[in-house]
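In case you want the letters, here they are:
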Amino acid sequence: MLLPYLKAYEQFYLMDKERKAYDALLQTVNNRARCSSAADACLYQRQLQFLRNIESQTPAGPYGASTAAQLAHLLAEEALAASGQGDDSVNLDAWLVWLNELLVNRKQQLGETKPILEWLLQRVEQKCTVDAVRCLLPLVESLPVTGALKYLPRFVAIPYPRSVEATLLLVLFQDRLFSMFCTPNSEQQTKELQLSSQLGNSLLQMHYDGRLAEIATAGDTQPHAQQEQEELTMLLAHSLQLLQKIASHHADYAIQYAPELLGLALANVRCRADGGATAKAAYQLPHRVHPAQQSAIYGHDDGDVDTAASNQNTAATGRRVKSRKMRSLTKQRNGNCNNNNNLQENKGASNAPGHEDRMKLLLLGNNEYGCRTPSGDSEGGCTPSSDGAGPQVAGQKQQRQRQVKLRIAALQLMGAVTKQLPRRTLYGYWHVLFPSGGGDGGAAGGRDNRDHLLYIGASDGNVRCRALALQLAAQVLYGSKPYLSQASCALAPSNYTPFAMSLANSVMEAYRQLAGILEREFVPPVLTQCLKCLAVLVQATPFEQLQMGIVYEFVPHVKILTRHADTSVKVSALLVMEMLVATPRLTQEMACAVGLPLKERRAVNMLHASPRHNAHQEQVQQFELLYDSDAEEFEDEEEPKEEIEEEHEEEEEQGSPMAAKSAAAEKTPIVLPQGRIPRNSWLLRLVLRYLDCPMSASPLRVECLQVLLAMTTHFGLLREHLARLADVLCNALQDSSWDVRLYGARALDAIGFQMARLALEQTEPRPEQQQQHLSFWLRLLPTIYDAYSNAETATLRCSLCDALSNIGGYCFERLPQAQRTGLLAFLLGCSSDDAADSLVRAAAVRALAVYVLHPTMRDDLVFVEHAAELALQLIGDAQLAVRIKAAWSLGNISDALVQPERPEEPREKERISQALLGRLIEAAILACGDHDKVRANGVRAMGNLLRLLSGEEHALMQRAMAKLLDCARAAGSAKVKWNACYAIGNLVRNRAIFSTSAKLADTLFAALSQLIVQHANFKVRINATAVLLQIEHRADMGVHYASMWRSLLAAIERSNALDSFEEYNHRDGLQQQLCLAMAHMIERARADDLAPCRDALESHLDVVSSTWRRVAYRIVPEQATPLFTCSSLLQKRLGAAALTADQRSALTFISNALRVES
């Protein structure tokens, strides 16, 4: 009801202001007319007549184009008259004031205002005054976007005046115009980019030429000093905001002028009240920030792969556990950190296959810290001591708020610049953005380093500034793992400090700063951002290269915050522990912090076994005492009660009604020993407690499941608690929240994968552990079926099918017949459902392809052919992800078809039908022309399938082999070439390719020769050389024997020439494979091959002989036999065979050249 009255009052107020301005103008013109000369009287009479005409018109207007042109003409005449007087006329000022009120009040009824706009723009270009710029703003706002943009070049070219108020209005005007054509997700053209650069250069020149510093200094002696300071602060804030927009839309400009932009931002983050009565902040002249020279050695922008983790996480099921990057939680991303229940679900973020990078969403989820004022600001909150001090304190508070906006604008500018900089360039400014490690305020070279982001996050008086600084720090740290991998605390020379040690000191100081913030801070938004920043830093830190004690500093504070009252703080604290436990290589302090069992800690690779390690033994013991108990000082009064209830629950778990009911529902008894969780595993206990609590918020349960998923990296944390995990995962899969069910399925997938890998790695089976694994799956299978039936999206169903694929061979073979039949029927139904999403069908087919390699299913040809038919239906799907899974399934099915029979059951193996075999080969040929990820599996399947193809299918074999050779020689992924060479090795086992056509053999050996000698990738050369080891008969090489021998010798010669240092690690493997291939070929040489072999060997004798001996003594004993026995076998052949003199001479030469003993 009040809204119409408010609008009416506002309209009346504007009309009243216009009326007052009109009366003032009319009085000014009358006064001038009475005092003017006869020459000027005509001018003032025309002005009075114009004002009377305006007064007589209705307020609704419109005035029309003639009226606007007449007004522009009058203003031009008045300006000319004022210039003749040598100063600005009071009359002109009155005209501009009235015009401004007229435009603000009735700009929609003015009609054509182009003449006025042109005059005002010319006026501003000649002399930028406050009133003229103020009149321009409503005029341009009334224009359409295309019309307003025509004036942008002229406004960009206007020089900034000396007046702070006029400059502020001009910057606001330029900001408004720039925002019109820089819409989000729009690509600027060349002309627009030039205008952006010109505008940015003008703003930078205004800041760096010292004029603002002069204004700030002169303000103390001027009568309106306080107003000048307020306007100056607003000018700085708005100019930084405009520069931030320019840097966001113009990446090249941000990169080129990064030193100036960062220097400007750093100069303004110091803008804080000095505590005086005027709340004045000292303005500092900006200085360029120069990047450090060490940034030149940082050449990997995206190298974030941990080699050790990738090597150890390989599975026989066709998948590997990747080092988890920080991915989307799908909740808690709306940025409201003050409300526990405002975390909305976002199903769209998780629906995408591969779900978006989690840390990017975390960093970008709270950008509104610079846009709103949450509770908790500590600046400007004082209470006036008397009534007379009220207006003064209110003014100080407003000025502090302006300074807060200025610091926020500076931080946002810094964030925009760092976001645009390439990683190689960005980390050259590390010394500016993060502490140097030289103490609280000192820095390298004596420079004060109190302006780094973590210091701002710790000491700024405003919540928004602290949160934004920490958010920006997390943004910069994201992706810094390759850069921080250079940090090392190894012993250094005493005469200088190496870069690695300086960087290590900086990293450790960053941890201390963040730990200090966690200790002192109490505002949830700042705590949340600090924990997220800490999580990113933990993920990027090479702990094994740093001194012990880092983890000891921050984990106790994080553990306290895992029980914070605010849900977002608890989730962020668990995120830190998730990143810590997901580290592939744990140090002693990390193993202790995450609660790794004592017997597992002994197996941890302790990289700090040094005198420095011994010096920390007492600290380690104290730390273990802290984490081997849950009775911390920070627990509130309700915590002992929770502990008692939790202990009671754990004692009663064996007789739990839910467990008994589930066991009774199964025909096969499920026995899951329910051992108590050790007291030192505090993180696991806490996560399971939150998951068991029905009052836990959905984002908290999701993060707890993510922590469980990270714990699978070190399966010793979970291995003894499968019973409790089975109950927790069953509850998660039955949860009402879609996100909880999804991450429960992903956690089950990771746990199942690690269980299968553990079973494969054990040399001696443990029946008790195997029974636990079997019971685990028997407990979960019914819940998985129900969760699949109730799933609403394809993402959850795909995750459930992926989890089922991780039932290991032992568990699958020992499932009760009814359970196994039900499992296969379920997956066959999922993969055959035409109404289901193709991604779900592909996931189900992939699970079946895993089962194909299990012994019982490999012998079932009907099942294998059925799985092959299902894979053929998806190999031509439109979605790339579906084709990748279908091609991988074809590769597994082909592996099952060529695997030999089990020795304990010798019988003739059934062969797949030739019609289906031909279709499979055609599908593999089609896959070889697809994406690299599809081709890599397509060539693997083709190599196996061609082994089964009869020699009668000459045309199909020729097409398939040509496609294989194309994949091996064509430019593209190295993995495709490795698999293509491996497939060729399988292909040559089918001797039909050599007997049916000589052309096929010519093509094959020519391609192999080229790959072995000339390919740049050593792993491709290794796999190409391995093909020769698969050729068992000399007759299959035919006339190509001599050329292949020469290729091997040339390859050994070239193996010492490294075109890239990255191939150094593969050089020894290549030389070993080449020597084995030489031994393989010389063993099968005919008498007429000896002379050509000798002739070729003579030109490479020194290199081949030295390489042969070096490889023979370096190779593992199991593979060294061919090299050590080669010379002796040749000597025996010399005495037994009927050879010519030339052949005997050649045989003796080769034998001496390949002798291991010198």
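Residues numbered from 1 in each chain as written. Predicted model: local features only at pLDDT ≥ 70, side-chain atom pairs only at ≥ 80, totals over all residues. Heavy atoms only, no water.

J.: Sorry, what's going on with the overall build of the protein chain here?
T.: On a plain count of helices and strands, the protein chain comes out with 59 helices and zero strands. For the protein chain, buried positions account for 54% of its 1158 residues. (Helix = DSSP H or I, 4+ residues; strand = E, 2+ residues; numbered from the N terminus. Buried < 20%, exposed > 50% of the residue type's maximum accessible area, 1.4 Å probe, protein only.)

J.: Can you walk me through the pattern of salt bridges in this structure?
T.: Opposite charge on two side chains lets them pair, provided their charged atoms get close. In the structure shown here, the tally under the stated rule is 25 salt bridges. Linking Glu922 and Arg959 is a salt bridge whose minimum nitrogen-to-oxygen distance equals 2.9 Å. Of the two residues, Glu922 is situated in helix α46 (residues 914-927) and Arg959 in helix α48 (residues 954-969); the sequence distance between them amounts to 37 residues. Three or more residues are tied together by salt bridges with common partners; here these are Glu509, Arg512 and Glu553. (Salt bridge = Lys/Arg side-chain N within 4 Å of Asp/Glu carboxyl O.)

J.: Help me understand the side chain of Gln770, please; the structure alone is not making it clear to me.
T.: Relative to the elements of secondary structure, Gln770 occurs in helix α38 (residues 767-790). In this structure the side chain of Gln770 is engaged in a polar contact, spanning 3.1 Å, whose partner is the side chain of Tyr810. Setting aside residues up to four positions removed in sequence, Gln770 forms contacts with Pro765 and Tyr810. (Polar contact = N/O pair within 3.5 Å; in protein donor to acceptor, adjacent residues only side chain to side chain. Contact = heavy atoms within 4.5 Å.)

J.: Is there a simple way to think about the nonpolar core in this case?
T.: As a rule of thumb, soluble globular proteins bury nonpolar side chains together. Core analysis: the largest hydrophobic core is formed by 330 residues, its most contacted members being Phe554, Leu580 and Tyr851. Per element, the largest residue contribution to this core is 12 residues, and it comes from helix α42 (residues 838-852). Leave out the neighbours within four places in its chain, and Tyr851 touches Leu804, Ser805, Ile807, Phe812, Leu823, Leu824, Leu827, Met857 and Phe863. (Core = buried A, V, L, I, M, F, W, Y, C linked by side-chain atoms within 4.5 Å.)

J.: Is there a simple way to think about the confidence of the model for the protein chain in this case?
T.: Caution is warranted with low-pLDDT regions, since their predicted coordinates should not be read in detail. Summing up the model confidence of the protein chain, the mean pLDDT is 76 and the portion of residues at 70 or higher is 70%. Model confidence for the protein chain, summarised as mean pLDDT per element, is weakest for helix α33 (residues 657-665) at 36 and strongest for helix α25 (residues 524-540) at 95. Note that pLDDT drops below 50 for residues 273-279; the model gives that stretch 14 contacts with residues more than four away or on any other chain. Predicted confidence for residues 605-616 stays below pLDDT 50, and this span has 19 contacts to residues more than four positions away or in other chains. (pLDDT = per-residue confidence, 0-100.)

J.: Looking at this structure, I do not really get the packing of aromatic side chains. What am I missing?
T.: Aromatic rings in a pair are described by how distant their centres are and how their planes are angled relative to each other. The final tally for this structure, using the stated rule, is 13 aromatic pairs. A ring pair is formed by Trp430 and Tyr483, whose centres lie 5.7 Å apart and whose planes are at 50 degrees; its orientation type is tilted. One end of the pair, Trp430, is in helix α20 (residues 430-433); the other, Tyr483, is in helix α23 (residues 481-484), and 53 residues separate them in sequence. By the burial criterion, Trp430 is buried, and Tyr483 matches it. Ring plane angle 45 degrees and centroid distance 4.8 Å describe the contact between Tyr785 and Phe826, whose orientation is recorded as tilted. (Phe/Tyr/Trp six-rings, centres within 6.5 Å; stacked < 30°, edge-to-face > 60°.)

J.: Would you mind showing me how to read the packing of helix α36 (residues 722-733) against α38 here?
T.: Two quantities define a packed helix pair, namely the angle between the helix axes and the distance between the axes. For the pair α36 and α38, interaxial distance at closest approach is 10 Å and the crossing angle is 5 degrees. By the angle class used here, α36 and α38 are roughly parallel. Each of Leu722, Leu725, Ala726, Asp727, Leu729, Cys730 and Leu733 in α36 lies in contact with α38, whose residues at this interface are Gln772, His773, Phe776, Arg779, Leu780, Thr783, Ile784 and Ala787. Within the contact of α36 with α38, the residues separate by chemical class into 10 nonpolar, three polar and two charged. (Axes fitted to C-alpha atoms, helices over the stretch in contact; angles between N-to-C directions. Parallel < 35°, antiparallel > 145°, perpendicular 65-115°, else oblique. Nonpolar A, V, L, I, M, F, W, Y, C, P; charged D, E, K, R; others polar.)

J.: Please clarify how the environment of Ala1016 should be interpreted in this entry.
T.: For Ala1016, the location among the structural elements is in the loop between α51 (998-1014) and α52 (1018-1029). In this structure Ala1016 comes out as exposed when scored by relative accessible area, which is 54%. Measuring from C-alpha to C-alpha, the distance between Ala1016 and Asp1059 comes to 7.5 Å, with 43 residues separating the pair along the chain.

J.: Just to check I follow, could you spell out the environment of Ser1047 for this structure?
T.: By secondary structure assignment, the location of Ser1047 is in helix α54 (residues 1041-1054). Expressed as a C-alpha distance, the spacing of Ser1047 and Gln1014, which sit 33 residues apart in the sequence, is 9.6 Å. Engagement of the side chain of Ser1047 in a polar contact is seen with the backbone oxygen of Ser1043, the distance being 2.9 Å.

J.: Teacher, can you tell me more about the environment of Ile408 here?
T.: With respect to the secondary-structure elements, Ile408 resides in helix α18 (residues 390-420). For the pair Ile408 and Gln241, spaced 167 residues apart in sequence, the C-alpha separation works out to 9.2 Å.

J.: Sorry if this is basic, but what is going on with α36 here?
T.: Residues spaced three or four apart along an α-helix face the same direction, because each turn holds 3.6 residues. Between the first and last C-alpha of α36 there are 16 Å, a value that for 12 residues agrees with the 16 Å anticipated at 1.5 Å per step. Counting buried positions over the 12 residues of α36 gives 11, a clear majority of the element. Turning to α36, its buried residues are Leu722, Ala723, Arg724, Leu725, Ala726, Asp727, Val728, Leu729, Cys730, Ala732 and Leu733. (Expected span 1.5 Å × (residues − 1).)

J.: Looking at this model, I keep getting lost on the packing of helix α57 (residues 1101-1114) against helix α58 (residues 1121-1136). Mind explaining?
T.: Direction vectors running N to C along α57 and α58 enclose 130 degrees, while the axes themselves pass 8 Å from each other. Judged on the interaxial angle alone, α58 and α57 are oblique. When α57 is examined against α58, the residues Trp1108, Val1111, Ala1112 and Tyr1113 are found in contact with a partner set consisting of Leu1123, Phe1124 and Cys1126. Taken together, the residues of the contact of α57 with α58 sort by class into seven nonpolar, no polar and no charged.

J.: Whenever I open this one, the state of the cysteines confuses me. Can you help?
T.: A covalent bond bridging the sulfur atoms of two cysteines is what the word disulfide describes. What the rule picks out here adds up to zero disulfides. Cysteine Cys928 remains unbridged, with the sulfur of Cys967 as its closest cysteine sulfur at 4.2 Å. (Disulfide = S-S within 2.5 Å.)

J.: I tried to follow helix α55 (residues 1064-1083) on my own but got confused; where do I start?
T.: If you check α55, its first and last C-alpha atoms are 30 Å apart, about what 20 residues at 1.5 Å a residue would give, namely 28 Å. When α55 is considered as a whole, its buried residues turn out to be Leu1070, Gln1071, Gln1073, Leu1074, Cys1075, Leu1076, Ala1077, Met1078, Ala1079, His1080, Met1081 and Ile1082.

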